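Residue-level listing of the chains:
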Amino acid sequence: MHHVVSSAHILAQESDSWINTDTFIDLFWANTIGGLEYGSIYALIALGYTLVYGVLKLLNFAHSEVFIYGAYATWFTFFLLGFRPGPTPELATGELIAFLLLAVVVAMLVSGTTALVLERVAYRPLRNRGAPRLAFLITAIGASLVLQQILFLWRGGNAEQAIRLLRPETLFTVGSASIQNLTIIIVVASILMWLVADTFVNRTRFGRGIRAVAQDPETATLMGVNKERIIMLTFVVGGLLAGAAALFYMMKIPQGAQYNGGFLLGIKAFAAAVLGGIGNLRGALLGGLLLGVIENHGQALFGGEWRDVVAFVLLVLVLMFRPTGILGESLGKARV
Amino acid sequence: MARARITAALVLAAAASLALSACEARTDQGGSAGNEPQADAPAEPANAHKPEGDGNAKCSNVAIAYAGTINGENAALGQNILNGVKLAVKKHNDANKDCQVELKEFETEGVPEKAPGIVTQMVNTKEIVGVVGLPFSGESKAAGNIFDKAGLPQISPSATNPALAENGWKTFFRGLGNDNAQGPAAAKFLTENLGAEKVCVVQDDSEYGIGLAEAVKEALGDKVVCNEKVKTKQKEFSAVVQSIKAAQPDAVYYSGYYQEGAPFAQQLFDAGVEAQLVGPDGVKDVEYVKGAGDAAAETFFTCPCVPGEGFTKFAGEYRDMFDKDPGTYSVEGYDAATVLLSGIDAGNTDRKKMLEWIKNYDAQGLSNKLGWDDKGELAETPTVWTYKVENGKIVRNVEIK
Amino acid sequence: MTTTKTPSTAKPPTAPWRTSISERWNNLSRFQQWVILIPVVVLIFALPWLNPPILTTEPGYDFSIAMFDVARYCLIAIGLNVVVGQAGLLDLGYVGFFAIGAYVAALFTSPDSTLWKIPYLAAVPLAMAITMVFGIILGSPTLRLRGDYLAIVTLGFGEMVRLFADNVDALRGNRGFSNIGAPPGTRENGEPLFVNFDGKPWYVLCVAVIIIVLILAGNLERSRVGRAWVAIRDDEDAAELMGVPTFKFKIWAFVIGAAIGGLSGALYAGQQGFMNNQKFDVLTSVLFLAAVILGGSGNKVGVLLGAFVVAYVPLRFLSIAEWKFMIFGVALTILMIFRPQGLLGARQRLLAYGRQAYQRLVGRGEMVSSDTAMSAEKGGLMNGGSGAPK
Amino acid sequence: MTEKNKNEPAPGGIVAEVAQMTEVELREHEAEVADVVATDREFAVGQGETLLEMDNVTMRFGGLVALDGVSFDIKRGEILGLIGPNGAGKTTCFNAMTGVYRPTSGQVLLEGKPLGKTTKHKITRKGIARTFQNIRLFDEMTALENVVVGTDARHKTSVVGALLRLPRHFAEEKAAVEKAMALLEFVGIADRAGDKAKNLPYGYQRRLEIARALATEPKLLCLDEPAAGFNPAEKDELMELIRKIRDDGFTVLLIEHDMRLVMGVTDRIVVLEFGKKIAEGTPEEIRNDKAVIAAYLGVPDDDVA
């Protein structure tokens, strides 16, 4: 990190110090809270990567598109409810909750369906043919491209115009951080979603199936687990969570519905999954939150334009020095 | 506090401009009775050149071309221009039965990478005597020398980067004012009209955004209290917003395009920053108004473009043909095409003659007085107008004098 | 010994048309091959002048420049094929090397850069050298990873190159560099020969470069280096245990791929005359990858074909240009299901002495892969390592 | 290859040619082949000296102890059998020798020098080669090329040398192909030299692995269950091949389940159980060893002779 940034500094010929420790200290709480907010969204998307990786040992590249379909679903839900781009409408609390719940259900359904279709159309034929590993990865890239381009050809290259139902308002401040209603909703709801997912995987029959297949597909099959059904289920669960993440993201960034808008989030969520320990549900949560916070502090230190670089560097460092992530693997093995 | 002061300044400015502007009543397409603009939009100049000419032109096998984004990124902007050109060509061809000018369209997707291939093809197409394009500064840079080499004149209806005219290209003409005009005007608006003492300048990474920001910063001098950078396609601006919040400016000038401008404005607004936001022509688009949500109503725009709502006839014809309102640079596209068409009507059916024709051109267009200096800049610097959002529409505010 | 003498077994049936072409070709002597090759090469060189009616991209896009674009993609595909096709390392950040090459050429020749200036022809090898250094820098930490992880890390590195181009002021972001240098030479009228509005000289230069690179890459392929790559691709652990220094050869693959990527970047910057930070995104990397995979990774003719399709189709059919990513995305997906080895499957000739050896052995030029066109067997890149995900 | 073969390829190729040879010619041919196979090796030097020594090697994986203080040595020119019930640690032992794993404690010494942190490919160059329990050939390469990869372990052509085709490249390539062909004949699969490894019959693949390992010119050849999946006739052929390899001066370490094969071909046997060495001796001694019998008797094994 030091090396990377210092060389950039020389090239940039900046006269002032390249590390803004003042900003870092001044905005510590603001960045921490903001980081948790983004981090909880990363965490939900990361769960999708982690589940699929755990069960199939597949980096599901197209998961970012599963997410962005949820974002579009959110937008269209708002649109069909009669809301239009422009100023935030005044809504009664009850109405607001009802609309948001409707949106999250639609987004989850759309993302879940997308994930299911992806699995059946793209990955299953490969499994049936016993295709080699890299074929899956290339298919994932191809499928990601196709899903993305469907949106591009249908909705064009620009982001959908912002529709927002809830105006962020500062409730109270902690140090430099202003805690907004949106922050609380996103963080709390994400952690709730994660809890549900964790309980599902660790406490239910289907969850046991998922863990069994992740640990040893062959034995699991011998023990009467229907592997194909478990794989489908895994994709769907990942999709549902991505759909929920999409709603939260759209509440935060209402301009988020853009055909290629999932890519960066997807990469970061994957980085989060790896950081926490891929295949590990708790790792996804921890990695997501941590990445969000580190990224925010990183941009305070080095400047906003380096935000994405921080995430990539983190990903590379983790893979190089601790490929099993912080918590290590639990659903399956991390290294091939 | 700041807001109150700004409002007061605005009222004063508005009153002044009302007093200065002509008093003839005009129907206003855009605003309702309660939203009278603070300055009148100019009407279609009576002496404006017309693409239809006198209707007696004779020519054959001659074409003009549009090159630029059509379906690529930022396609809306390209479509606006192309439609303006199409309208001009249609009017010309309808009026002149013996001079049917063909309009050839070339898609560059707005990327510099494709420009040389496309432009080379254009210069190799002999019937093309003049080109409307290229819309963006990057692609213009990549291919301007090809026009120059081939002697094919190009009138850019929207590339405002000043450096483009400094390449010594003899075929480059700019159909509108450049950022050097807009920058000082914007600074003037910020300090005088809005009374801002502390300004944050935010620039994107485009040729346009950087150039304009430089011009604005130079004119603002020590009133610039922070200078932030954003990137094309960026959607998340927390770092920039935090820095601006910390700098506590009276006003923020966003030098970039609406795609990033809209979410930026919204996040600035959400964070409770009360500084007045001002954006340039790249932000002045209905997409911004829809994209920025609550923040849009609080934004001013500067633009070296004349308010189009006075051009009722043009707007009507445009709507009839394309079923939508003219957008940013539609008028400029129309004007540029008219220059070329009138040249053809005057018998300038080869490139050399056309180049001479444009060089010597001196007539009122719909938007600007069109006549060029040696570098291809408009000889008469066009005025810069400010705009604001009212009821979800962009309406004119004041002319910066 | 007698017990181990097994009668010659019948070869598995092969698809007659495919085998016959490649086999017939390989049965020809070097001389005969050249007799056929030379006219073909001459024809390829002459393409921009011939401007054949059906092939032409006009009136939408200048044909000579289109042909240069195609040639540039071919060069890129050859470079990426070394990494992906030969060594089986899925590199999703290849555009990074391309970008570095282009930036080096721009930085050392464009008047917009503050660095000292050198002639374009000196900047090209410099670009290659610097990209090779970057190949080592990026390769040494990442190449210990495998499969999916390698892919994602290379993707990360590619993005980082792009972000540096965006963020570092000296690289001028979107403003870019204009008047990038070009090779010397003038026309009869004293005008410079290499200009951005005439693709012909650039095309000839690029094709010449491609031929040299193909010969050199072929040399590598038919040496212990090429064999080591294929061994690594097939089974890295086994290769290591058979004495192949796998890490070293993976770095070499990366570095050689990087050099070719840098070379094509420098050619691109020179031909364009202007370049900025656009178009170095992951999508472009995927397009490069599609060129390699579609044609058949590991097969030089295949990747040339793939590169031709990827570069040429959007220029020839400008009306569907915006569909290109869709089309290639669908093609990749379908191909992986039905024909993972690509249009032309991998077919190596790994032995310089293979020809004689096989001639002695079976009395014909070369043993050709007995894969049939119908078999969806693993091929090329598609046989890396540990089998399908369970 | 003989001069004759090089200059006048017979119409049917070398296989047909060999098939037409008389008994005497065949002997001569075999001798030539063996000669090429054994090139550059100190043939029969220091027979009986210690070649490889396992010195108190312990391997731990988490809580599992796969090898527990195992010590034995392998002498030059012998065939050593390594046996034991499933999970006794035989393959772990192999992996520790070939550098796949590093011992948790203890060390492996080759010709008196500890292997220490030597990387896998360097261990191969130092003279230990192996085959795999589950065949791991380079599927996309021809049989011949697979073997040539083995010979490459001894080659010195650099990447630049290969790129520019410097003289050494040609010399090495030529020698490699000659030697690889000879090795294929040696193990008896030369007739399919041009086939992709994945298309070879199972038995051929096993033999090809042996040829590939021999190509690295090993001092010690480790065979990991080479007879797995063979029928009795094939096993006999394999025994013959292993003996032939030893007779050519190689040292062989053999892991095998098939007791008949192990007893029939080895000079000495080391028995492992639960990661510990329980016995060591000649086949005769092992056959009568109480500990071994106890270890094996629990599991009725038809193969125990």
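Everything numeric in this text was worked out from a predicted model, so none of it was measured. (Residues numbered from 1 in each chain as written. Chains lettered and ligands numbered in written order. Predicted model: local features only at pLDDT ≥ 70, side-chain atom pairs only at ≥ 80, totals over all residues. Heavy atoms only, no water.)

1. Here we look at the nonpolar core
Phase 1: Grouped together as the largest cluster of nonpolar side chains are 230 residues, with contacts concentrated most on A:F67, A:L118, A:Y123, A:F235, A:F248, C:W229 and C:F280.
Phase 2: If sequence neighbours within four positions are ignored, A:L118 has contacts with A:N60, A:A62, A:V66, A:Y123, A:A143, A:L147 and A:F235.
Phase 3: Listed in part, the 44 residues of the second largest apolar core include B:I81, B:L82, B:L103 and B:Y334. (Core = buried A, V, L, I, M, F, W, Y, C linked by side-chain atoms within 4.5 Å. Buried < 20%, exposed > 50% of the residue type's maximum accessible area, 1.4 Å probe, protein only. Contact = heavy atoms within 4.5 Å.)

2. Notes on the state of the cysteines
All names here are of chain B.
Phase 1: Counted by the stated rule, this structure contains two disulfides over all chains.
Phase 2: Note that C59 is cross-linked by a disulfide to C99, the S-S spacing being 1.9 Å. Between C59 and C99, the disulfide has an S-S torsion of 95 degrees and is therefore right-handed. Residue C59 is found in strand 1 (residues 59-68), and its partner C99 is found in strand 2 (residues 99-107); the two are separated by 40 residues along the sequence. Each member of the pair, C59 as well as C99, carries the same accessibility label: buried. (Disulfide = S-S within 2.5 Å. Helix = DSSP H or I, 4+ residues; strand = E, 2+ residues; numbered from the N terminus.)

3. Describing the pattern of salt bridges
Phase 1: The full count for this structure, using the stated rule, is 64 salt bridges over all chains.
Phase 2: For B:D98, the salt bridge identified is with B:K58, shortest N-O distance 3.9 Å. One end of the pair, B:D98, is in the loop between helix 2 (75-95) and strand 2; the other, B:K58, is in the loop between helix 1 (2-20) and strand 1, and 40 residues separate them in sequence.
Phase 3: Under the relative-accessibility criterion, B:K58 is labelled exposed at 62%.
Phase 4: The network of salt bridges with common partners includes A:K268, A:E295, A:R307, A:D308 and B:E236. (Salt bridge = Lys/Arg side-chain N within 4 Å of Asp/Glu carboxyl O.)

4. Here we look at the sheet that holds strand 4 (residues 105-110) of chain D
Residue and element names in this part refer to chain D.
Phase 1: What the four strands build is an open sheet, ordered 2-1-4-5; its pairing is antiparallel. Because the sheet does not close on itself, it has two edges, and the strands there are strand 2 (64-75) and strand 5 (113-114).
Phase 2: With two bridges connecting them, strand 4 and strand 5 associate as antiparallel partners. Of the residues in strand 5, the one forming a bridge with L109 is P114.
Phase 3: In the packing of helix 4 (residues 90-97) onto the sheet, contacts are made with strand 1 (50-61), strand 2 and strand 4, and the angle to strand 2 comes to roughly 65 degrees. (Pairing = 2+ DSSP bridges. Axes fitted to C-alpha atoms, helices over the stretch in contact; angles between N-to-C directions.)

5. A short note on the interface of chain C and chain B
Phase 1: At the junction of the two partners, chain C supplies 30 residues and chain B supplies 26 residues.
Phase 2: On the surface where chain C and chain B come into contact, there are three salt bridges.
Phase 3: The partner of C:R72 in a salt bridge is B:E113, and the shortest N-O contact between them spans 3.7 Å.
Phase 4: There are 10 residue pairs in polar contact (both at pLDDT 80 or more) connecting chain C and chain B.
Phase 5: For the side of chain C that touches chain B, the secondary-structure elements that each account for two or more residues are helix 3 (63-86), helix 6 (147-167) and helix 10 (246-272) of chain C. (Polar contact = N/O pair within 3.5 Å; in protein donor to acceptor, adjacent residues only side chain to side chain.)

6. Thoughts on the sheet that holds strand 4 (residues 154-156) of chain B
Residue and element names in this part refer to chain B.
Phase 1: Spatially, the five strands line up as an open sheet ordered 2-1-3-4-5, and their pairing is parallel. Single-partner strands in this sheet number two, and they are strand 2 and strand 5 (172-174). Across the sheet, the mean angle separating the axes of adjacent strands is 25 degrees when strand polarity is ignored.
Phase 2: Seen against the sheet, helix 11 (residues 330-345) touches strand 1, strand 2, strand 3 (128-132) and strand 4 and runs at an angle of roughly 165 degrees to strand 3.

7. Here's the deal with the pairing of strand 8 (residues 251-255) of chain B
Within a regular beta strand, the side chains point alternately toward one face of the sheet and then the other, so they alternate between its two faces.
Residues and elements named next belong to chain B.
Phase 1: Burial runs high along strand 8: five of the five residues are buried.
Phase 2: Note that strand 6 (residues 199-203) and strand 8 share five bridges and pair parallel. Along strand 8, the bridge assignment pairs C200 with V252.
Phase 3: Both strand 8 and strand 9 (residues 276-279) contribute to a ladder of three bridges, which runs parallel.

8. Remarks on empty space enclosed by the protein
All names here are of chain B.
Phase 1: Counted according to the given criterion, the structure contains 12 cavities of 30 Å³ or more.
Phase 2: In this structure, the largest cavity encloses a volume near 180 Å³.
Phase 3: What lines the largest cavity is a set of 17 residues, among which L77, F136, Y257, G282 and Y329 lie closest to the centre.
Phase 4: Residues of the lining of the largest cavity, tallied by class, amount to eight nonpolar, six polar and three charged.
Phase 5: Looking at the lining of the largest cavity, you find at least three residues from each of domain 1 (8-37 + 179-303) and domain 2 (63-177 + 308-370). (1 Å grid on protein atoms, 1.4 Å probe; cavity = no way out; pocket = protein on both sides within 12 Å on 5 of 7 lines; lining within 4 Å. Points joined across faces, edges and corners; volume = space filled by probe spheres on them. Nonpolar A, V, L, I, M, F, W, Y, C, P; charged D, E, K, R; others polar. Domains from an automatic or database assignment.)

9. Focus: unusual backbone geometry
Phase 1: Here B:G133 and B:L134 are connected by a cis peptide whose omega angle stands at -10 degrees.
Phase 2: When you line up the elements, B:L134 lands in the loop between strand 3 and helix 4 (137-150).
Phase 3: At the junction of C:E58 and C:P59, the peptide bond is cis and its omega measures out at 10 degrees in the coordinates.
Phase 4: With respect to the secondary-structure elements, C:P59 resides in the loop between helix 2 (30-50) and helix 3.
Phase 5: Of note, the phi angle at B:K233 is positive, near 75 degrees, even though the residue is not glycine.
Phase 6: Secondary-structure assignment places B:K233 in the loop between strand 7 (224-229) and helix 7 (238-247).
Phase 7: Assessed through its relative accessible area of 39%, B:K233 is described here as partly exposed.

10. Notes on the confidence of the model for chain A
Residue and element names in this part refer to chain A.
Phase 1: With 93% of its residues at a pLDDT of 70 or more, chain A shows a mean pLDDT of 87.
Phase 2: Across chain A, the secondary-structure element scoring lowest on mean pLDDT is helix 1 (residues 2-12), at 39, and the one scoring highest is helix 4 (residues 63-80), at 96.
Phase 3: Here residues 1-15 is a poorly scored stretch, pLDDT under 50, and it has 17 contacts once near neighbours within four places are set aside; other chains count.
Phase 4: This model gives residues 332-336 a pLDDT under 50, and the stretch forms 17 contacts once residues within four places in sequence are excluded. (pLDDT = per-residue confidence, 0-100.)

11. Regarding the packing of aromatic side chains
Residues and elements named next belong to chain C.
Phase 1: Per the stated rule, a full pass over the model turns up 40 aromatic pairs over all chains.
Phase 2: Consider the rings of F98 and F288, whose centres lie 5.6 Å apart with planes at 80 degrees: the pair is edge-to-face. Taken together, the residues span a long stretch of sequence, with F98 in helix 4 (residues 94-109) and F288 in helix 11 (residues 282-295) at a distance of 190 residues.
Phase 3: Assessed through its relative accessible area of 2%, F98 is described here as buried.
Phase 4: Judged by relative accessible area, F288 falls into the buried class, the value being 1%.
Phase 5: Joined through ring pairs, the aromatic side chains of Y73, F98, Y103, F177, Y268, F280 and F288 make up one cluster. (Phe/Tyr/Trp six-rings, centres within 6.5 Å; stacked < 30°, edge-to-face > 60°.)

12. A short note on the domain arrangement of chain B
All names here are of chain B.
Phase 1: Domain annotation for chain B reports domain 1 (8-37 + 179-303) and domain 2 (63-177 + 308-370).
Phase 2: In this complex, domain 1 contributes 13 residues to the contact, which on the side of domain 2 involves 15 residues.
Phase 3: Taken over both partners, the interface formed by domain 1 and domain 2 buries close to 1300 Å², and the fraction arising from carbon and sulfur atoms is 43%.
Phase 4: Where domain 1 meets domain 2, there are zero salt bridges.
Phase 5: Taken together, the connections running from domain 1 to domain 2 amount to two residue pairs in polar contact (both at pLDDT 80 or more).
Phase 6: Of all elements in the fold, only helix 5 (179-193), helix 6 (207-220) and helix 8 (258-270) reach the threshold of two or more residues within the side of domain 1 that touches domain 2. (Buried area = accessible area lost by both parts, 1.4 Å probe.)

13. Points about the domain arrangement of chain A
Residue and element names in this part refer to chain A.
Phase 1: Each assigned domain of chain A is listed here: domain 1 (1-31) and domain 2 (47-298).
Phase 2: Relative to domain 2, the C-alpha centre of domain 1 lies at a distance of 32 Å.
Phase 3: Every contact between the two is made by seven residues of domain 1 and, on the other side, six residues of domain 2.
Phase 4: Summed over both sides, the interface between domain 1 and domain 2 buries roughly 590 Å², with carbon and sulfur atoms accounting for 58% of that surface.
Phase 5: Ranking the residues of domain 1 by area buried against domain 2 places F24, W29 and N31 at the top, with a combined share of 71%.
Phase 6: Counting across the interface, domain 1 meets domain 2 through zero salt bridges.
Phase 7: There are one residue pair in polar contact (both at pLDDT 80 or more) connecting domain 1 and domain 2.
Phase 8: Every element with two or more residues in the side of domain 1 that touches domain 2 is listed here: helix 2 (21-26) and helix 3 (28-56).
Phase 9: Looking at the side of domain 1 that touches domain 2 element by element, the count peaks at four residues for helix 3.

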